[in-house]
Amino acid sequence: MWIVFIAIILGTAVLLSWPLGKAMTWAMNPGGKIGGVRGGAERLFEKSAGKVIAKEQTWKEYVLSMLLFNGFMFLVVFAILAMQQVLPLNPDVKGALSPDLIFHTVASFTSNTNLQHYSGEVSLSYFSQIFGLMWLQFVSAATGIAALTALARGLAGKTLLGNFYRDLMRATFLVLPPLAVAVAVFLLLGGVPMTLQGSATVKTLEGVLQTIARGPVAAFVAIKQLGTNGGGFFGPNSAHPFENPSFFTNIVECLSIILIPMASVWMFGRITGRMRHAVIVFAVMSVLLVGTVGLAVHFESVPTAAFSGLPIQATGNLEGKELRFGSAAGPLWGTLTTATSNGSVDSMHDSFNPLTGLIPLAGMWLNVTFGGVGVGLINMFLYIIVGVFICGMMVGRTPEYFNRKVETREMKLALLTLLIHPLFILGGTALFALTPWGASTVHNPGAHGFTEILYEFSSAAANNGSGFEGLGDNTVPWNVATGIIMLLARFVPIILPLAIAGALAAKKPAPETTGTLRTDAFLFGMVILGSVVFIGALLFLPVAVLGPIAEHLAAGL
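Being a predicted model, the structure only gives us computed values, none of them experimental. (Residues numbered from 1 in each chain as written. Predicted model: local features only at pLDDT ≥ 70, side-chain atom pairs only at ≥ 80, totals over all residues. Heavy atoms only, no water.)

> Tell me about the pattern of salt bridges, and please be specific about residues and values.
Taken as a whole and assessed by the stated rule, the structure comprises 13 salt bridges. For Arg166, the salt bridge goes to Glu42, with nearest N and O atoms at 2.4 Å. With Arg166 in helix H7 (residues 164–189) and Glu42 in helix H2 (residues 36–49), this residue pair connects regions lying 124 residues apart in the sequence. The exposure class assigned to Glu42 is buried, which follows from its relative accessible area of 5%. (Salt bridge = Lys/Arg side-chain N within 4 Å of Asp/Glu carboxyl O. Helix = DSSP H or I, 4+ residues; strand = E, 2+ residues; numbered from the N terminus. Buried < 20%, exposed > 50% of the residue type's maximum accessible area, 1.4 Å probe, protein only.)

> Describe helix H18 (residues 522–555), listing the residues and the values that go with them.
Because each turn of an α-helix spans 3.6 residues, side chains separated by three or four positions in sequence point in the same direction. Given a rise of 1.5 Å per residue, 34 residues ought to cover 50 Å, yet the end C-alpha atoms of H18 are separated by just 41 Å, more than 12% below that figure. The largest bend along H18 reaches roughly 55 degrees and is located at Ala544, with the proline Pro548 sitting one to four residues downstream. (Expected span 1.5 Å × (residues − 1). Bend = angle between axes of the 7 residues up to and from the residue.)

> Provide a residue-level description of the nonpolar core, including the pertinent values.
Counting 136 residues, the largest nonpolar core has Ile145, Leu155, Leu176, Leu289, Leu336, Met380 and Tyr401 as the members making the most contacts within it. Non-local contacts of Met380, meaning those with residues more than four positions away in its chain, are made with Val281, Val284, Met285, Val368, Ile528 and Val532. Grouped together as the second largest cluster of nonpolar side chains are 28 residues, Leu361, Phe432, Val442 and Ile453 included. (Core = buried A, V, L, I, M, F, W, Y, C linked by side-chain atoms within 4.5 Å. Contact = heavy atoms within 4.5 Å.)

> Got a sec to walk through the packing of aromatic side chains? Specific residues and values, please.
Applying the stated criterion to the full structure yields 24 aromatic pairs. Plain terms: the ring middles of Phe457 and Trp478 are 5.2 Å apart, the flat faces sit at 40 degrees to each other, and that makes the pair tilted. With Phe457 in helix H16 (residues 446–461) and Trp478 in helix H17 (residues 476–505), the pair connects residues that are 21 residues apart, well separated along the chain. Assessed through its relative accessible area of 0%, Trp478 is described here as buried. Site record: aromatic cluster; members linked through ring pairs are Tyr126, Phe220, Phe233, Phe234 and Phe242. Over the aromatic face of Trp26 sits the side chain of Arg38, whose NZ or CZ is 5.5 Å from the ring centroid. Above the ring of Trp18, the side-chain terminus of Arg270 is found at 4.7 Å from the ring centroid. (Phe/Tyr/Trp six-rings, centres within 6.5 Å; stacked < 30°, edge-to-face > 60°. Lys NZ or Arg CZ within 6 Å of the ring centre and 35° of its normal.)

Following this line, the structure appears as structure tokens:
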């Protein structure tokens, strides 16, 4: 049955991604003379933003605008969280947060990571949740869509990549809200609460008074999943019955996690005019996704070592799972959420079998299996450049991508971007594993405790936001270190690929010959897949052996 369950979710997402890709292209890169409703939206944008969106921008201007806007977002939400105790919509009288936790939280949501070192229902007011964090979930996702749109224009040969502010408004108002409203309605129908009233006080069957947190949950969860944000309204995230009450809402949320990342590939193909190339990229990503989902479900079908020899072992590992959703739902969600940099959870990753826990780690290490909204395909672009370069060198000719020569400058930028990712993960893990900053916060000894530290830095560097949750990570060192990494890991891998696209666009197109490597063929797909797998293995296999693999061998599973 679990195969049918997984096939329904992945198959439906693939089918819906095609028309959504067309709609996203219509919204983000309409082209030609724009009329009707679409033209009215553009005129509204121009009236509201004025001259700031009128000028077409080079890649440097585009990047500068992106950094300025995100810096503005950071400051505004920092102020909101710092003053939440005096702002409205605080019926439960939430108090002030520590400065380091505010920095970490704002960095997390600005960078589309949503790594949470707090429980929302305990720490934040409704005003902070709606006008601070939920607003960031819209505009940070829109930033990723805008960046992918600009990259696609550059690869299509345009030296002017558009205007960041116009693209941001297109994504914020034309792409995300219609989808978020639709998903929120489905969640409401499934029983997710949506209210501005304070916590409810009820009397249990035992006659004890209990305070039950609630709030505008449906709206928050909808954009959390669609924007590959992942930040939960409640501490347990989508394992909480108010965020994810039923099997129906679990399917809706799984679809929402993967939908826009899949559609982004089709939008990229339409903007570049290379749909056959997009099909190859989509196929490679799908192979990686299906393979990792299958492995995760298989590894989790083995019972946890604590139940070895007991009758319950025939049911697989049920520890940390929501039994409402079935045993396969946990590893499926865990794979989807880390393949797409979503980071939400419907089970506890810390309770996965060791090799199952390796799958989410691998998803964050590779960071290209559809990936985050917009940025997943930007990360895949780096592997494509490396693969093209390797193939060119093998046949003794200058490598080309979309009829533009890939030369030393482009390769340096691509390799620098690829190496920054393991630097953040491995460097941070080594530092915190060797010092009291991390060692004193680990609640599990040995390889599992090491994996918890490794997972936290992997999550921060991949802008994912999920956690093994075995750490006491709400400390000043953890908040500051992961906050800085989240910001750098968000913007450096956007800036440098845009620089590559700008450099390629400025080059004269090279005519195709019989020696040109075709980017729309099966062979090219194998080159990309091989580049992702082998480079990923070279970078991260040693640390995987020290963590999950060592734990698996020690447990004898």
